[in-house]
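A structural walkthrough
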Amino acid sequence: MLGQNFLIDSNISKRIVDSAEISEGEKVLEIGPGRGALTELLSSNGNLIAIEKDKWLAVVLKQKFKENVEIIEGDILKWDVPPIDVIVANLPYSISSPILFRLFSYEWTRAVLMFQEEFANRLVAKPGSKIYGRLSVMANHFVDTKKLFKVSKTAFQPQPKIHSQVVKLVRREPDYTLDDFETFEKVVKSIFTHRRKKIRNCIKLTFPNLDLDNLNYMDLRAEILMPSEIAELSNSIFRLNLK
Ligand code: SAM
C-alpha cells in the first residue's frame, strides 16, 4: 500500500530536481522521501520539509538529514500542508489521484511529480483525445500540465510493472469563471462516466428534473468539449437548478 519503489538512477533524480528550478529561499515540500534519493539533492535548499508515512524510513531520514531538513512522520492525506512554493515527489502510485486533489486545496506555485505513465497521460490529455476525461478536466481547473520525461521501470528498486512519467504542474486561474464548483464537479463526473452517450442523456441521468431544451452541446459527446465549454454548461445547469 505504501508504493515503495525507490529511485536508484541518480541521473533521473538529478533531472527531476533540476526541473523544479528551485531558487534560493523557496519553500519546498517532498512527499514520500523514502530512502532519500531526491531529498539528498533537495536538501541543499535550506527550506525543505519532507513527509514520510513509513515510520522506520522516517526514523532513518531524521537521523540522516537532521541538520537541514524538517522530516515529518505522517500521512500526506491527513496532513495540513503549509504554504509552499514548490512540491517535488515520486508519488506512491495507488494514491496519486487523492494526493493530487488534496494538494489542490492548499497553497503552492508549482510541482514536479512522478506518476505512472498511464495516469500522467490522462492528466495532460486534451479535448479530442480518447483519454481526455474527468482527471484532465478537473486538474486543468487548477493547473497547467506539461509532460517532462519518461522514466523506465529499471530506474527503480524494486521495479514497478509499468513505466513512469515526470510531469510539471503550474498553478494558475482557469480561463473561465464558475458559478458553483460543486455543480461543475457533478457535471464533469456525469458527462465522462458515460462518455459514449450524448451529453443530453448523461445530464438527464444526473439532473432528472431539468428542462434541457435550451442548453448548448446536448447532442455532442464530452470528449470534444473544452474545459471552458464544460464550465459554460455547468453554469447554465446551476442557473436552471436555481429556478
Ligand atoms: N522519493 C523516494 C524515491 O524516489 O526513491 C521514494 C518514492 S516511493 C514511490 C513512495 C514513498 O512514499 C515511499 O517512501 C512511501 O513510504 C511513501 N508514502 C506512501 N504513502 C504515503 C503517504 N500517504 N504519505 C506520505 N508518504 C507516503
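Our subject in this report is the structure included herewith. (Residues numbered from 1 in each chain as written. Predicted model: local features only at pLDDT ≥ 70, side-chain atom pairs only at ≥ 80, totals over all residues. Heavy atoms only, no water.)

Side note on the packing of aromatic side chains
Aromatic rings considered in pairs are described by the distance between their centres and by the relative angle of their planes. Operational definition: Pairing of aromatic side chains requires ring centres within 6.5 Å, counting the rings of Phe and Tyr and the six-membered ring of Trp. Pairs whose planes differ by under 30 degrees are stacked, by over 60 edge-to-face, and all others tilted. Note on exposure labels: buried denotes an accessible area under 20% of the residue type's maximum, exposed denotes more than 50%, and partly exposed covers the range between, all computed with a 1.4 Å probe on protein chains only. By the criteria applied, helices consist of DSSP H or I runs no shorter than four residues and strands consist of E runs no shorter than two, each listed in order from the N terminus. For a lysine, the NZ atom is tested; for an arginine, the CZ atom; a charge sits over a ring if that atom is within 6 Å of the ring centre and within 35 degrees of the ring normal.
As enumerated under the stated definition, the model contains eight aromatic pairs in all. Judged by centre distance (6.2 Å) and plane angle (20 degrees), the ring pair of F104 and W108 falls under stacked. By the burial criterion, F104 is buried, and W108 matches it. Considering the side-chain rings of F181 and F184, the 6.4 Å spacing of their centres and the 40 degrees angle between planes classify their relative orientation as tilted. With a gap of three residues between them, F181 and F184 both fall in helix α7 (residues 181–193), about one helical turn apart. An aromatic cluster is present here, built from F101, F104, W108, F142, Y176, F181 and F184 joined pairwise through their rings. For the cation-ring pair, R15 lies above F149, with the distance from its terminal atom to the ring centre recorded as 3.9 Å.

A short note on the layout of surface pockets
Operational definition: Of the two site types, the cavity is a set of points on a 1 Å grid over the protein atoms alone where a 1.4 Å probe fits but cannot get out, and the pocket is an open set with protein on both sides within 12 Å along at least five of seven lines, each lined by residues with an atom within 4 Å of a point. Grid points are joined across faces, edges and corners, and a volume is the space filled by probe spheres set on the points. Note on residue categories: nonpolar means Ala, Val, Leu, Ile, Met, Phe, Trp, Tyr, Cys or Pro, charged means Asp, Glu, Lys or Arg, and polar means any other residue, Gly included.
Considered as a void within the structure, the largest pocket measures approximately 510 Å³ in volume. Lining the largest pocket are 31 residues, and of these L2, G3, G32, E52 and P92 sit closest to its centre. Taken together, the residues of the lining of the largest pocket sort by class into 18 nonpolar, eight polar and five charged.

Examining unusual backbone geometry
Look at the link from Q157 to P158: it is a cis peptide, with omega at -10 degrees. Here P158 lies in the loop between β8 (156–157) and β9 (164–171). A positive phi is found at E21, a non-glycine position, where the angle reads about 45 degrees. Phi angles above zero are rare outside glycine, and Y217 is one such case at about 70 degrees. Structurally, Y217 is set in the loop between α8 (199–206) and α9 (227–242). Given a relative accessible area of 19%, Y217 falls into the buried group.

Section: the pattern of salt bridges
Put simply, the test is: We count a salt bridge whenever a side-chain nitrogen from Lys or Arg sits within 4 Å of a carboxyl oxygen from Asp or Glu.
Following the criterion strictly, the structure yields 11 salt bridges and no others. Put simply, R110 and E26 hold a salt bridge, and the shortest N to O gap is 2.7 Å. Of this pair, R110 sits in strand β6 (residues 110–116) while E26 sits in the loop between α1 (10–19) and β2 (28–31); the two residues are 84 residues apart in sequence, bridging distant segments of the chain. For K53, the salt bridge goes to D75, with nearest N and O atoms at 3.6 Å. With a gap of 22 residues between them, K53 in the loop between β3 (48–52) and α3 (55–64) and D75 in the loop between β4 (69–73) and β5 (86–90) connect regions that are remote in the sequence.

Some details on the pairing of β2
Threshold: DSSP-based pairing: two strands are paired if at least 2 bridges between them are found.
Burial of the side chains of β2 extends over both faces: V28 and E30 are buried on one face and L29 and I31 on the other. Summarising the sheet, β2 and β3 pair through four bridges and their orientation is parallel. Counted as the bridge partner of E30 is A50 from β3. Bridging between β2 and β5 involves four bridges; their strand directions are parallel. Following the sheet pairing, V28 is matched in β5 by V86.

Thoughts on the nonpolar core
Note the threshold: The definition of a nonpolar core used throughout is a set of buried Ala, Val, Leu, Ile, Met, Phe, Trp, Tyr and Cys residues joined through side-chain atoms within 4.5 Å.
Core analysis: the largest hydrophobic core is formed by 31 residues, its most contacted members being L29, I31, I87, W108, L113, F115 and L169. Elements that contribute at least two residues to this core include exactly β2, β3, β5, α4 (96–103), β6, α5 (117–124), α6 (134–140) and β9.

Here we look at the pairing of β5
Here is the rule: By convention a crossover is right-handed if, when the strands point away from the viewer, the path from the first strand over the helix to the second runs clockwise.
Across the five residues of β5, five count as buried, placing the element largely inside the fold. Here β5 shows two buried faces, one formed by V86, V88 and N90 and the other by I87 and A89. Across five bridges, β5 lies against β6 in parallel orientation. By the bridge assignment for β6, I87 is matched with A111. Crossover β5 to β6 through α4 is right-handed.

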